[in-house]
Amino acid sequence: MKKVRTADDSILTDEFLRQLMNVGEVDLLVGLPTHNNSSTIGPIVATIQAGLLAFFPRDRAVIINVDGGSQDGTRQLVLNAAIDDARGSKISALRTLPVISTQYAGSPARGTALRSILAAAELLGAKACMVVSPESTQIQTDWLTKLLGPVYAREFDLVLPTYSRHRFDGILLTNLLYPMTRALYGLRIREPYALDFAFSGSLGSQFLSQNPWQDETARAGSETYFTLHAIAAQSRICQSFLGNREHVERRASDLVPALRQTVGALFSSLGPNMALWKSRAESKRITTTGPEREFTLEPLRVNRKRLREMFSTGVGELESVFQSILSPPTLEELRRIAGLDEAEFRYPAELWVKTIYEFAAAYQKSVISRDHILQALAPLFRGRAFTFLLENRNGSADTVENNIETLCLEFEREKPYLLEIWNGRE
Amino acid sequence: MTVALQPAGDIWYKRSIIYQVHVRTFFDSNGDGIGDFQGLDQKMDYLQELGINAIWLMPFFPSPLRDDGYDIADYYSVHSSYGTLEDFKKFLASAHQRSIKVIIEMVLNHTSDQHPWFQQSRSSLENPRRDWYVWSDTDTGYPKAGINFRDTELSNWAWDPVSKSYYWHRFFSHQPDLNYDNPAIREEMWNVMKFWLELGVDGFRLDAVPYLVEREGTNCENLPETHAVIKELRQKLDQHFPGKMLLAEANQWPAELRPYFGDGDEFHMAFHFPLMPRMFMGVKLEDRKPITEILQQTPEIPQSCQWCLFLRNHDELTLEMLTDMERSYMNDSYAQEQTMRLNLGIRRRLAPLLENDRRRIELMNGMLLSLPGTPSIYYGDEIGMGDNINLGDRNGVRTPMQWSGGWNAGFSTADPEKLYAPLIHDPVYGYPAVNVTSQKRTQHSLLNWMARILAVRKSTDVFGCGSIEFLYPANHRILAYVRQLGTETILVVNNLSNAAQAVELDLRRHKGNILIEMFGRTIFPRIGELPYLLTFGPYQFYWFRLRRI
């Protein structure tokens, strides 16, 4: 593999810096973190290009690909979207649209990619920046204006997406991230872990200067960290509805990394921001363009039985770990439901919320390795997912939304419990 | 890249720097408030010192002046306000004495409706000159032809109450089009040109060339029949007056302009209209793309031919050769006030367009003088004159030349009320602030800078006759090109940005050469294998002579 050269303590390679010098100051920056995404990246970058030309034809924009060492030609596919006079183009454009690509040092990591994008945005003086996931195959040109627009108009510092999702897509989001973030920080952010989002250059610089990159959790869950930083900094946050987000099948082994990236970041944020979340008594809506959420209802095959089995097995196998994390009543209740057969099994909202809050407090206290705590959450989440799937098996979109709302209210209602155990443990 | 060789024949027009002036605007010798040929003659030393070597005179013929002289009522004389034919001859001799060529305007397409030819033509259907103009019983012919002055005219046909029929006009309705299908007209217009050539003029700027002939079912522009008319005139010119030059005014895309050069048997020169707004666009966008793209689309022309480049002229800054998106950008960037806009253009002078930013004015002139072609400088722009958008039509850019801070800007001894147009008085561009006298006394004035850069331009034939090769450095704010003629090579690098820039140029092809900056004769490092690094201040540009020593 080609060795990547950087100055001693710089995230920017010499080559990347040279490319940035050539781009110069920009108004808009679109960052594309990639790693072997050749199967999806071509249409995505073409849509970004078309969106920039359609909605920001006069503005100085750049597309920056930050790659983790692709071996499948991803970078070249991105570079093809450039509009410049040397290559010629059939596309009518007022100005050059530079596209640059860099490979960052180290192993592929979204945090490193985001850090590179933020560093580039600061150097180029970008006023509005957007990050697009290389998996966002459903991207439309209007995403550019929906996400970048409110930032570029200086109305908001962070624009997060909302989507039309399948009712069973993003169960971690609907059963943990959204309700807990909402309950603690008081803002009803539907996608606190967003892979497509936009932010102001000043917010990006602020986050960059926090230098959270030393923390493994922050590196893994940089997007969540970023959102939480914006909340803590009391930045102006809004949501834009982007339309359909396709359901992506996840493997069981994806869960723990996902927990690290999202729940880990959320839990990590609680310590430094305690004063903030402690003072927030209720949640409020944030400005949203379009609907806050839509659900699609088409049938979806999910192996519920396997989820319950993994829950029961996990509760049994991790007994000693749970003893360090959970209160005896909570653990006892989990043991009880783990013994129920499939027809009777239910992981109720009250118990789920208590479980999560006790995990959060344990995480803060680092009663055991923080990563082990997150890993231990995996089987419990599967149990909760089983219940969510069951409760909403025949539910309409409204029913699903009502059930999520009920869970959110439960998180809000139980917030004093978190404070109690948080303080108690301290 | 093809290295251009010195073309054979008398190609003075390729080496020229043209100064465009209207006699009326330059200097009033007799105190009547209107510039005249004797006044122009008195200012020839100024033009010689400036360093121009060709003058393009706007129409000076008898005319009702409803279109600033482009409505000619007599092709064989001089408007009485500007002097006499004798005055013209004296001016011509004076110019030639200073090796300054004189190009005059020739409005072939139309006359004034006051011209005796039109008066006779409209007088009766049987008049021998009836067929000298384009008449019709209806106003429905040639529906595909566009209207040029769409802010003023609703149709290209106008009703003539005298002959009770419609006549064709592509410009103002008081400017009926001549009928070039009539051999008598073609003969008569050649006689007109011959008259002036025999007096000694060196060339003609032929106005509104694409519109000479009309054909049903077409847009009546650039028709083969029009080219045939041009070819016929050129043939006669070469036969009887070798070394004289024809310059085309045809506001067209480069590919459509190319036929006007023919095989070197139509025009010697043509204005490159699409380039001009893109130079302004490039500087505003801080991006070379508009400039390189239009020049990439510009076809090769015969070796004896030449593009004529300009930043501003007596008309509005035309935006016709732009897309809707580009036009909208230009209007929003350069003509925020509606009164600055006219037809499809912007009626402003160079300095106000560039917000009187000396660095941008220099950069734009630097590009004008180094891109392939013969540059044309509009009178007054060499001192950064302003405009008066409160005057109607294009008169705001045709105000009196500002010679001094004294009475009437030194233009005329008449009472100010008698001046053909009011002087510019505003605090920024008014004649007390912007005038020749004060700039002559200041070493670093725009006027003196212009004289220096014209001298540098004239120090080599590369700019006028050489080939061009664009470099495409990754920094798109930098416009860089290599001009070459024979063994002489010049590197031009322009920073289109308002901020300092660094650029790395791939000059390996010229490895071993040293760079000599042409204004200060400063020596820069020798070109090697590595990318050649240059840094620039805002809007800075370099002209380097490459020397292998």
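Just so it is clear, the structure is predicted and the values come from calculations on it, not from any experiment.

Thresholds applied
- Residues numbered from 1 in each chain as written.
- Chains lettered and ligands numbered in written order.
- Predicted model: local features only at pLDDT ≥ 70, side-chain atom pairs only at ≥ 80, totals over all residues.
- Helix = DSSP H or I, 4+ residues; strand = E, 2+ residues; numbered from the N terminus.
- Buried ≥ 20, exposed ≤ 12 C-beta atoms within 10 Å, placed from the backbone.
- Domains from an automatic or database assignment.
- Nonpolar A, V, L, I, M, F, W, Y, C, P; charged D, E, K, R; others polar.
- Pairing = 2+ DSSP bridges.
- Contact = placed C-beta atoms within 7 Å.
- Core = buried A, V, L, I, M, F, W, Y, C linked by C-beta atoms within 7 Å.
- Axes fitted to C-alpha atoms, helices over the stretch in contact; angles between N-to-C directions.
- Parallel < 35°, antiparallel > 145°, perpendicular 65-115°, else oblique.
- Left-handed = near helix turned anticlockwise from the far one by under 90°.
- Expected span 1.5 Å × (residues − 1).

**Section: the overall build of chain B**
Scanning chain B for helices and strands turns up 16 helices and 22 strands. Going through the 549 residues of chain B one by one, you find that 53% of them count as buried.

**Points about the domain arrangement of chain A**
Residue and element names in this part refer to chain A. Taken domain by domain, chain A holds domain 1 (14-296) and domain 2 (304-425). The centre of domain 1, based on its C-alpha atoms, is set 30 Å off from the matching centre of domain 2. If you list the elements that add at least two residues to the side of domain 1 that touches domain 2, you get helix H6 (171-185) and helix H10 (255-270). Looking at side-chain class alone, the side of domain 1 that touches domain 2 contains 15 nonpolar, 5 polar and 6 charged residues.

**Things to note about the sheet that holds strand S5 (residues 157-160) of chain B**
Residues and elements named next belong to chain B. Taking strand neighbours across the sheet as the criterion, the 3 strands line up as S4-S6-S5 in an open arrangement whose pairing is antiparallel. Because the sheet does not close on itself, it has two edges, and the strands there are strand S4 (135-136) and S5. Pairing analysis gives 2 bridges linking S4 to strand S6 (residues 165-168), with the strands arranged antiparallel. Within S6, the position partnered with Trp135 by the bridge is Tyr167.

**Section: the interface of chain A and chain B**
With 14 residues of chain A at the contact, the number on the chain B side is 18 residues. Considering only residue class, the side of chain A that touches chain B consists of 5 nonpolar, 4 polar and 5 charged.

**Describing the nonpolar core**
Most often, soluble globular proteins have nonpolar side chains that are buried together. Core analysis: the biggest nonpolar cluster contains 166 residues, and Ile55, Leu247, Ala248 and Ala270 of chain B have the highest contact counts within it. Here this core takes 7 residues from helix H9 (residues 275-285) of chain B, the largest share from any one element. Apart from the residues within four sequence positions on either side, Leu247 of chain B is in contact with Ile103, Gly203, Phe204, Arg205, Leu206, Phe267, His268, Met269, Ala270 and Cys308 of chain B. Membership of the second largest hydrophobic core comes to 121 residues, among which are Val66, Leu124, Met130 and Ala361 of chain A.

**Description of the packing of H6 of chain A against H10 of chain A**
Residues and elements named next belong to chain A. Contact geometry for H6 and H10: axes closest at 10 Å, N-to-C directions at 20°. Overall, the two elements H6 and H10 adopt an arrangement that is roughly parallel. As for how H6 packs across H10, the hand of that crossing is left-handed. Taking contact as the criterion, the partners of Leu172, Leu176, Leu177, Met180 and Thr181 in H6 are, on H10, Ala258, Thr262, Val263 and Leu266. Class assignment for the residues of the contact of H6 with H10 results in 7 nonpolar, 2 polar and no charged.

**Things to note about the sheet that holds strand S19 (residues 514-517) of chain B**
Residue and element names in this part refer to chain B. The 6 strands are arranged S15-S16-S17-S22-S19-S20 in an open sheet whose pairing can be described as antiparallel. Two strands lie at the open edges of the sheet, namely strand S15 (467-471) and strand S20 (523-526), each paired on one side alone. Each strand axis lies, on average, 25° off the axis of its neighbour in the sheet, ignoring direction.

**Remarks on the environment of Asp36 of chain B**
Residue and element names in this part refer to chain B. Tracing the backbone through its elements, the reader meets Asp36 in the loop between helix H1 (23-26) and helix H2 (37-42). Counting along the chain gives 342 residues from Asp36 to Tyr378, while the straight-line C-alpha distance between them is 18 Å. Not counting chain neighbours up to four residues away, the residues in contact with Asp36 comprise Val23, Asp28, Ser29, Asn30, Ser81, Tyr82, Gly83 and Asp87.

**Concerning helix H13 (residues 358-370) of chain B**
Residues and elements named next belong to chain B. The end-to-end C-alpha distance of H13, which contains 13 residues, comes to 18 Å, matching closely the 18 Å that a straight helix rising 1.5 Å per residue would cover. With 10 of its 13 residues buried, H13 lies for the most part within the structure. The complete set of buried residues in H13 reads Arg360, Ile361, Leu363, Met364, Asn365, Gly366, Met367, Leu368, Leu369 and Ser370.

**Details of unusual backbone geometry**
Residue Gln234 of chain A is not a glycine yet carries a positive backbone phi of 55°. Note on placement: Gln234 of chain A falls in the loop between helix H9 (222-232) and strand S7 (237-244). At Cys220 of chain B, a position not held by glycine, the phi torsion is positive, near 60°. You can see Cys220 of chain B is positioned in the loop between strand S7 (203-207) and helix H7 (224-240). Note on Cys220 of chain B: 24 C-beta atoms within 10 Å, which makes it buried.

**Description of the domain arrangement of chain B**
Residues and elements named next belong to chain B. The domain boundaries assigned to chain B delineate domain 1 (12-109 + 183-458), domain 2 (116-168) and domain 3 (466-547). Listed by partner, the interface residues are 17 residues for domain 1 and 18 residues for domain 3. Secondary structure elements with two or more residues in the side of domain 1 that touches domain 3: H9, helix H10 (289-296), H13 and helix H15 (446-458). The greatest single-element share of the side of domain 1 that touches domain 3, amounting to 6 residues, is contributed by H13.

**Some points on the packing of helix H4 (residues 110-124) of chain A against helix H7 (residues 201-210) of chain A**
Residues and elements named next belong to chain A. Between H4 and H7, the shortest axis-to-axis distance is 9 Å and the interhelical angle comes to 125°. Compared by their axis directions, H4 and H7 come out oblique. In this structure, the crossing between H4 and H7 has a hand that is left-handed. Across the interface between the two elements, Leu118, Ala119, Ala121 and Glu122 from H4 touch Gly201, Gly204, Ser205, Phe207 and Leu208 from H7. For the contact of H4 with H7, a count of residues per class yields 5 nonpolar, 3 polar and 1 charged.

**Topic: the pairing of strand S10 (residues 306-310) of chain B**
Residues and elements named next belong to chain B. Most of S10 is tucked away, with 5 of its 5 residues classed as buried. Of the two faces of S10, the one carrying Gln306, Cys308 and Phe310 and the one carrying Trp307 and Leu309 are both buried. Examined bridge by bridge, strand S9 (residues 269-271) and S10 share 3 bridges and lie parallel to one another. Bridging from a neighbouring strand, Phe271 pairs with Cys308 of S10. Note: S10 against strand S14 (residues 374-378), 3 bridges, orientation parallel. Bridge pairing in S14 places Leu309 opposite Pro375.

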